[in-house]
Amino acid sequence: MNGQQSTGNAVAGADVSPEEARLREAMRQLKLLHIKSRLLRGTIPKMLDPLVQKQPSPDVMYAAFMKAVNEAQDTIKEFTELMRDEKSKAVFDMADKSKEENPFGIKPWRHQDHPNWFNLDKDD
């Protein structure tokens, strides 16, 4: 049974070193942060949407607006917690350390070069 587990791990890990696994997990965390930050762009338009649509009464408009505001607050709170998470801080510290050790040759990231950047389940 132990042999089957190690075979499954070798296939799933594909001979990945601990450093490579740590880097992949850090990239996944950064990708999640990036996706969440991009989704924040629609927060204010979604929040204001009930105000620009015709509503049957001011009370209905106010209720729809307050619901949208509460959803926006939840979205912002989720992103803020994710940014302040220890895992995220560790990833940013790792990036800062890497940049200090090797400041040259850092290429800018462009979304055109990574077609799956908005899909958390797919690697680039």
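The structure displayed is predicted, hence computed values, not measured ones.

> Report on the overall build of the chain, specifying residues and quantitative values.
In terms of helices and strands, the chain carries 5 helices and 0 strands. Helices (α) and strands (β) of the chain occur, in sequence order from the N terminus, as α-α-α-α-α. Classification of the 124 residues of the chain by burial places 12% in the buried group. Here the contacts in the chain between residues at least 6 apart in sequence split such that 65% fall between residues at least 24 apart. By element, 56% of the accessible surface of the chain is carried by carbon and sulfur atoms, the whole surface being about 10,200 Å².

> Which residues make up a negative patch on the surface, and what values do they have?
A cluster of acidic residues, Asp93, Asp96, Glu100 and Glu101, forms a negative patch on the protein surface. Mapped onto the elements of the fold, aspartate 96 is located in helix α5 (residues 86-101). For aspartate 96, a relative accessible area of 46% translates into the label partly exposed.

> Break down the environment of serine 88 for me, citing the residues and quoting the values.
By the element assignment, serine 88 lies in helix α5. If we ignore the near neighbours within four places in the chain, the residues touching serine 88 are Gln29, Leu33, Leu82 and Met83.

> Now, about the pattern of salt bridges: what can you tell me, with residues and values included?
Between side chains of opposite charge, a pair can form as their charged atoms come close. Going through the model one piece at a time under the given rule, you end up with 5 salt bridges. Between glutamate 78 and lysine 36 there is a salt bridge, with the nearest N and O atoms lying 2.7 Å from each other. A residue pair is termed long-range when its members are at least 10 positions apart, and glutamate 78 in helix α4 (residues 58-84) and lysine 36 in helix α2 (residues 18-39) qualify at 42 residues. Glutamate 78 sits in the partly exposed class, given a relative accessible area of 41%.

> An account of a nonpolar patch on the surface is needed here, citing residue identities and associated values.
A cluster of nonpolar side chains, Met27, Leu30, Met83 and Phe92, forms an exposed patch at the surface whose accessible area comes to about 330 Å². Examined against the element boundaries, phenylalanine 92 turns out to sit in helix α5.

> Explain α2 residue by residue, including any values.
Along its 22 residues, α2 runs 32 Å from first to last C-alpha, staying within 8% of the 32 Å computed at 1.5 Å per residue. For α2, the complete set of buried residues consists of Ala26, Gln29, Lys31, Leu33 and Ile35. Those residues of α2 that are buried lie in contact with α4 and α5.

> Could you give an account of the side chain of glutamine 29, with specific residues and numbers?
Within the fold, glutamine 29 resides in helix α2. Judged by relative accessible area, glutamine 29 falls into the buried class, the value being 6%.

> Give me the lowdown on the packing of helix α3 (residues 43-52) against α4, citing residues and values where you can.
Between α3 and α4, the shortest axis-to-axis distance is 7 Å and the interhelical angle comes to 170 degrees. Taken together, the axes of α3 and α4 lie roughly antiparallel to each other. Here α3 contributes Thr43, Lys46, Met47, Leu48, Pro50 and Leu51 to the contact with α4, which in turn contributes Met61, Ala64, Phe65, Ala68, Val69, Ala72, Thr75 and Ile76. Broken down by class, the residue content of the contact of α3 with α4 amounts to 11 nonpolar, 2 polar and 1 charged.

> I'd love a proper account of the packing of α2 against α5, names of residues and values included.
Where α2 meets α5, the closest approach of the two axes is 10 Å, and the angle between their N-to-C directions is 110 degrees. When the axis of α2 is compared with that of α5, the two are roughly perpendicular. Judged by the twist between their axes, the crossing of α2 over α5 is left-handed. Facing α2, whose interface residues are Arg22, Leu23, Glu25, Ala26, Gln29, Leu30 and Leu33, α5 presents Lys87, Ser88, Val91, Phe92 and Met94. Per-class residue counts for the contact of α2 with α5 are 7 nonpolar, 2 polar and 3 charged.

Calculation rules
Residues numbered from 1 in each chain as written. Predicted model: local features only at pLDDT ≥ 70, side-chain atom pairs only at ≥ 80, totals over all residues. Heavy atoms only, no water. Helix = DSSP H or I, 4+ residues; strand = E, 2+ residues; numbered from the N terminus. Buried < 20%, exposed > 50% of the residue type's maximum accessible area, 1.4 Å probe, protein only. Contact = heavy atoms within 4.5 Å. Areas by Shrake-Rupley, 256 points an atom, 1.4 Å probe, with all protein chains shown as cover. Patch = residues over 30% accessible without salt bridge, like charges linked within 9 Å, V, L, I, M, F, W, Y side chains within 5 Å. Salt bridge = Lys/Arg side-chain N within 4 Å of Asp/Glu carboxyl O. Lys, Arg positive; Asp, Glu negative; His and termini not counted. Charge placed at Lys NZ, Arg CZ, Asp CG, Glu CD. Expected span 1.5 Å × (residues − 1). Axes fitted to C-alpha atoms, helices over the stretch in contact; angles between N-to-C directions. Parallel < 35°, antiparallel > 145°, perpendicular 65-115°, else oblique. Nonpolar A, V, L, I, M, F, W, Y, C, P; charged D, E, K, R; others polar. Left-handed = near helix turned anticlockwise from the far one by under 90°.

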